[in-house]
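The chain contents come next:
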Amino acid sequence: MDTGTHIVMGAAICGLTLADPVVASDSVTMTAVFIGVVSGSLIPDVDTVLKLRNNAVYIRNHRGITHSIPAVLLWPLVISIILSFLIPGTEFYHLWAWTFLAVFVHVFVDIFNAYGTQALRPFSDQWVAIGVINTFDPIIFALHIAALAAWMFGAEPVLTFVILYVVIFFYYLLRFALKSAVKRAVQVTIPDADDIFIAPTMHFFQWRVAASNKECHFVGRAYGRSVNIYDRFEREAMPKSPYIDAAMEDRNIQAFVSFSPIYRWSVSHVGDLCEVRLIDLRYRSKGYYPFVAVAHINNEMEVINSYTGWIFSEDKLLKKLNFVPNS
């Protein structure tokens, strides 16, 4: 989920902690628990700092080890030890337990996005991405804001947030049912599809669709059970070429391939350089495919520049590559 949603979820868990008599009756422990819960709701996304290095490192590692089983166990312990020193007199076990819940909830809800997490590490490096909830879901966010406002205006917090999460539980079930219906509709539209990707959007009834059969890639949107295919690309194996071999060794290209399950490729010449471009088909926006990886290779099979990430115009891509084509 996005940072804003994780914050309001942390605030909601703060309300739930008041079901604990120790937290409710001890102001020192309550203060530490509230800080621990909010910190725990955000700490798994500390890997966002990897953006400061480059997009390739960020893409390959975001929601990786910081969302793993060891991390879920370690983060609450680290936060609780630090807060116990900073706020003497805190009941450590209660602080740790509620902070653990906040960290667990963060990782758990991220699993339901299309991006997913490597939550099963170290047992598996597989990305767990159920894809029923958008990274920012306006309904989930609004429900949290409404519950927090009710608490602020005097509603009993524990009951308020229990009701909130019962409602959200059924909302998740509804999203599963909708995705299942969309998948069946895609299978009717493309009966021989052997690979189907369905991802939510911020709009309740709209879903992104990318699918492949042996001959083509298909890209479209589903509106309820109606599937509209916007683009169709012939599915071709990447040719054997020393330029492509050199590109595939580049860290930006490798990061893209590790992240994208369905993409198409293009090879062209830009001046004296060969351009290898990979285009993720999952994120079509207004006729454009913004998530790409590009590498420029010279005649010595050296990668001169490369980039992977979100680009919404060719001019911005050239700036990211720090590249001026020869006229």
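This structure is a prediction, so every number in the text was calculated from the model and none was measured.

What to know about the sheet that holds strand β8 (residues 303-310)
Read from one edge of the open sheet, four strands run β5-β6-β7-β8, paired in antiparallel fashion. Only two strands of the sheet have a single partner each, and these edge strands are β5 (263-270) and β8. Each strand axis lies, on average, 10° off the axis of its neighbour in the sheet, ignoring direction. Both strand β7 (residues 291-297) and β8 contribute to a ladder of seven bridges, which runs antiparallel. The residue bridging Val292 from the neighbouring strand is Gly309, located in β8. Across the sheet, helix α10 (residues 251-259) lies against β5, β6 (273-280), β7 and β8, angled at about 150° from β7, the strand it touches most. Lying over the sheet, helix α11 (residues 314-321) contacts β6, β7 and β8, oriented at roughly 130° with respect to β8.

Some details on the nonpolar core
Within soluble globular proteins, side chains that are nonpolar generally end up buried alongside one another. Membership of the largest hydrophobic core comes to 37 residues, with the highest contact counts inside it found for Val37, Trp98, Ile133, Ile140, Phe161 and Tyr172. Here this core gets seven residues from one element, more than from any other, and that element is helix α6 (residues 92-110). Formed by 19 residues, the second largest nonpolar core is a distinct cluster that contains Ile59, Phe256, Cys274 and Ala295.

Here we look at the pairing of strand β3 (residues 216-223)
Counting buried positions along β3 yields six of eight residues, so the element is predominantly enclosed. Two elements, strand β2 (residues 206-212) and β3, share seven bridges in a ladder whose sense is antiparallel. The residue of β3 that forms the bridge with Ala210 is Val219. Where β2 folds back onto β3 in an antiparallel hairpin, the turn is made up of three residues. Between the antiparallel neighbours β3 and strand β4 (residues 226-234) lie two residues, among them Gly224 with a positive phi of about 65°.

Some details on the layout of surface pockets
Its boundaries defined by the atoms lining it, the largest pocket holds a volume of some 860 Å³. Lining the largest pocket we find 32 residues, and of these Tyr58, Tyr115, Thr135, Tyr283 and Trp310 sit closest to its centre. For the lining of the largest pocket, the secondary-structure elements that each account for two or more residues are α1 (3-16), α4 (55-61), α6 and β8. Among the elements that take part in the lining of the largest pocket, α4 stands out by supplying three residues, more than any other. A class-by-class count of the residues in the lining of the largest pocket yields 13 nonpolar, ten polar and nine charged.

Describing the environment of Asp250
In this fold, Asp250 is placed in the loop between α9 (242-248) and α10. Judged by its relative accessible area of 11%, Asp250 falls in the buried class. Among residues more than four places away in sequence, those in contact with Asp250 are Val303 and Ser306.

Some words on the UniProt feature "transmembrane region" (unreviewed entry) in the chain
Mapped onto this numbering, the UniProt entry annotates "transmembrane region" (unreviewed entry) at residues 29-50, 71-89, 95-115, 127-152 and 158-174. Structurally, residues 95-115 comprises 76% helix and 0% strand, and the distance from its first C-alpha atom to its last is 30 Å. Taken end to end, residues 127-152 has its terminal C-alpha atoms 38 Å apart, with 58% of it in helix and 0% in strand.

Overview of helix α8 (residues 157-189)
Given a rise of 1.5 Å per residue, 33 residues ought to cover 48 Å, and the 47 Å separating the end C-alpha atoms of α8 matches this to within 8%. Sitting at the amino-terminal end of α8 is Glu156, which places a side-chain oxygen 3.2 Å from the backbone nitrogen of Val158.

Criteria and cut-off values
Residues numbered from 1 in each chain as written. Predicted model: local features only at pLDDT ≥ 70, side-chain atom pairs only at ≥ 80, totals over all residues. Heavy atoms only, no water. Pairing = 2+ DSSP bridges. Helix = DSSP H or I, 4+ residues; strand = E, 2+ residues; numbered from the N terminus. Axes fitted to C-alpha atoms, helices over the stretch in contact; angles between N-to-C directions. Contact = heavy atoms within 4.5 Å. Core = buried A, V, L, I, M, F, W, Y, C linked by side-chain atoms within 4.5 Å. Buried < 20%, exposed > 50% of the residue type's maximum accessible area, 1.4 Å probe, protein only. 1 Å grid on protein atoms, 1.4 Å probe; cavity = no way out; pocket = protein on both sides within 12 Å on 5 of 7 lines; lining within 4 Å. Points joined across faces, edges and corners; volume = space filled by probe spheres on them. Nonpolar A, V, L, I, M, F, W, Y, C, P; charged D, E, K, R; others polar. UniProt positions renumbered as here; feature names shortened; annotations may be inferred. Expected span 1.5 Å × (residues − 1). Polar contact = N/O pair within 3.5 Å; in protein donor to acceptor, adjacent residues only side chain to side chain.

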